[in-house]
Amino acid sequence: MVGAEASVSAGTAEALLEELVRTSQEASPAELPEVLDRYVTAMGLGRVVVFLIDLQQRRLLPLTEGEEELEVDGTLAGWAYRTDSLRVTEDGAGGLVVWLPLINAAERLGLVRFSMKNLDGHRLWRCRALTSILTLIITSKRTYIDTIAQRTRTRPMQLHTEMLRAFLPPRSIGTGRVVSTAVVEPAYELGGDAFDHSFTEDILHATILDAMGHDLASGLTTSVAMAGCRNARRTGAELAQLVMEVDQALTRWLPDQFCTGIFTQLHMPTGMLRWCNCGHPAPLLIRRNRLHPKALARPPEPPLGLPASLAGDSRQVYETALEPGDRILLYTDGVVEGRDEGGEQFGLERFADYIIRSTAAGHTASEVLRLLIHAILDQRKNELSDDATILMIEWRPPRGPDPTR
């Protein structure tokens, strides 16, 4: 094995990297830290610890036993997470600490901490490469290794929330043209709220749902609606047909339940947005740092799951052209209608203003929603009377050539 301070040839580095990928695929959750330690020692990278973000994005929780958890707000590690940036500091004993964020496309998984005596261009490149590999490893393993889920929780979860969360996609997804990001609270007692987003070819699909009630039945209602939506989407159904199939699924399997929701499709190359609103608060448009509350307001369709005699024969689909930089907000009524101890609502204007100010301050879309949901929770002292879910779409197509040149 190569010493920690010795140089490593390109051929040796490639062989070690190949060994890391192979052994990490076979490693159990308990063995993974040991596999990482062997690799970073051989590569002269000192010591590595992986931190995963908790469900509420307040703490960074170590994957390795015995390490202390870290707060996101008010720490250097948290700064690296919040800004998606490299951070290098001195450790107070003549060494260096390197923080690199674990990011899978637009989704923030946590951080990697490297502790080493020296840092140069080669070591930094290897730190970045290892962080990228760890991101892929964690993303793939979390679907079947409960240890990762355990490491991201700070308290027990309700049964109906466990069921509903099993259907939720990653908090954030993105490409070079668009980012879709969401937050949902209460994290451990979620009732009937849910969101969904995914890509097919050059279309972003984004959905928000709010089922009646806050129990197992409401969670089941939302889960059936999400399954119906995905099933229709994956068979290539048009938007109106997709909504109709969700209607039929709820009517057939849960005839006494209904939910509201918005289904959207964004054509990423052109910015053409299509949507269907089923009894839900209207989407909001933020353009050039101004809220346009009525821009996407249209007569809503009836809620999902009603009998055909009430729901009508077909669903109305609307469309509009977005401008580069536009942000679309989907939210449930628990976001703006909840009240603090003095009876004051968070309100639509405060909701939109918070997003505008956070964006103007340079925060990423994911960080904007993290700060916003924490502001809502803080206003209500972490006691929500209703589920609060927010999904934000940011369309940011690449700039074309300057026609004046």
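Here the structure is shown first, and the text comes after it.
Now for a description of the structure that goes with this document.

1. Regarding the overall build of the protein
Counting its regular elements, the protein contains twelve helices and 17 strands. Taking 22 Å as the expected radius of gyration for a compact globule of 405 residues, we find that the protein reaches 23 Å, a close match to that expectation. With the principal axes as the frame, the protein shows a C-alpha extent of 75 × 60 × 50 Å. For the protein, the proportion of its 405 residues judged to be buried stands at 52%. Residue pairs at least 24 apart in sequence account for 65% of intrachain contacts in the protein once pairs closer than 6 positions are excluded. For the protein, the exposed surface amounts to about 18600 Å²; the carbon and sulfur share of it is 51%. Of the charged side chains in the protein, 42 are positive and 53 negative; the average position of the first set lies 4 Å away from that of the second.

2. Regarding the sheet that holds strand 14 (residues 290-292)
Pairing is antiparallel across the open sheet formed by six strands, whose spatial order is 7-8-17-16-13-14. Here the strands that pair on one side only, and so sit at the sheet edges, are strand 7 (172-174) and strand 14. Direction aside, neighbouring strands of the sheet carry axes that sit 20° apart on average. Sheet topology note: the strand 13 (residues 284-287)/strand 16 (residues 327-331) ladder contains three bridges and is antiparallel. In the strand pairing of strand 16, Leu284 is matched with Leu329. Its contacts with the sheet put helix 11 (residues 348-360) on strand 13, strand 14, strand 16 and strand 17 (388-395), and the angle it makes with strand 16 is roughly 140°. Against the sheet, helix 12 (residues 365-379) contacts strand 7, strand 8 (178-185) and strand 17, and its axis sits at roughly 20° relative to strand 8.

3. Describing the layout of surface pockets
Volume-wise, the largest pocket comes out at about 940 Å³. Taken together, 35 residues make up the lining of the largest pocket; nearest its centre are Leu55, Arg142, Thr152, Arg165 and Leu168. If you list the elements that add at least two residues to the lining of the largest pocket, you get strand 1 (47-53), strand 6 (107-116), helix 5 (146-151), helix 6 (159-165), strand 8 and helix 12. It is strand 8 that contributes the most residues to the lining of the largest pocket, four residues altogether. Counted by class, the lining of the largest pocket contains 19 nonpolar, five polar and eleven charged residues. Considering only enclosed or pocket space, the second largest pocket measures out at about 310 Å³ in volume. Surrounding the second largest pocket, 17 residues form its lining, Gln56, Arg155, Pro186, Glu189 and Asn382 being those nearest its centre.

4. Remarks on the environment of Ser366
Along the polypeptide, Ser366 turns up in helix 12. Sequence separation between Ser366 and Trp79 is 287 residues; the distance between their C-alpha atoms is 14 Å. Side chain to side chain, Ser366 and Thr181 meet in a polar contact 3.5 Å long.

5. Observations concerning the sheet that holds strand 15 (residues 318-321)
Taken in spatial order, the five strands make up an open sheet running 9-10-11-12-15, and their pairing is antiparallel. Sheet topology places strand 9 (193-200) and strand 15 at the edges, where each strand pairs with a single neighbour. For this sheet, the mean inter-axis angle between neighbouring strands, taken without regard to orientation, is 15°. In terms of strand pairing, strand 9 meets strand 10 (residues 203-211) through eight bridges, oriented antiparallel. When the sheet's bridge partners are listed, Ser198 is paired in strand 10 with His205. On the sheet, helix 8 (residues 239-253) packs against strand 11 (259-267) and strand 12 (272-278) and is oriented at approximately 155° with respect to strand 11.

6. Here we look at the nonpolar core
If you look at the biggest cluster of nonpolar residues, it comprises 47 residues, and the most contacted ones within it are Phe263 and Leu304. Per element, the largest residue contribution to this core is six residues, and it comes from helix 8. The residues touching Leu304, leaving out its near neighbours within four places in the chain, are Leu209, Val243, Val246, Asp247, Leu250, Phe258, Cys259, Thr260, Gly261, Phe263, Cys278 and Arg315.

The rules behind the values
- Residues numbered from 1 in each chain as written.
- Predicted model: local features only at pLDDT ≥ 70, side-chain atom pairs only at ≥ 80, totals over all residues.
- Heavy atoms only, no water.
- Helix = DSSP H or I, 4+ residues; strand = E, 2+ residues; numbered from the N terminus.
- Rg over C-alpha atoms; globule rule 2.2 N^0.38 Å.
- Buried < 20%, exposed > 50% of the residue type's maximum accessible area, 1.4 Å probe, protein only.
- Contact = heavy atoms within 4.5 Å.
- Areas by Shrake-Rupley, 256 points an atom, 1.4 Å probe, with all protein chains shown as cover.
- Lys, Arg positive; Asp, Glu negative; His and termini not counted.
- Charge placed at Lys NZ, Arg CZ, Asp CG, Glu CD.
- Pairing = 2+ DSSP bridges.
- Axes fitted to C-alpha atoms, helices over the stretch in contact; angles between N-to-C directions.
- 1 Å grid on protein atoms, 1.4 Å probe; cavity = no way out; pocket = protein on both sides within 12 Å on 5 of 7 lines; lining within 4 Å.
- Points joined across faces, edges and corners; volume = space filled by probe spheres on them.
- Nonpolar A, V, L, I, M, F, W, Y, C, P; charged D, E, K, R; others polar.
- Polar contact = N/O pair within 3.5 Å; in protein donor to acceptor, adjacent residues only side chain to side chain.
- Core = buried A, V, L, I, M, F, W, Y, C linked by side-chain atoms within 4.5 Å.

Note that all results are geometric; they support no functional claim without further evidence.
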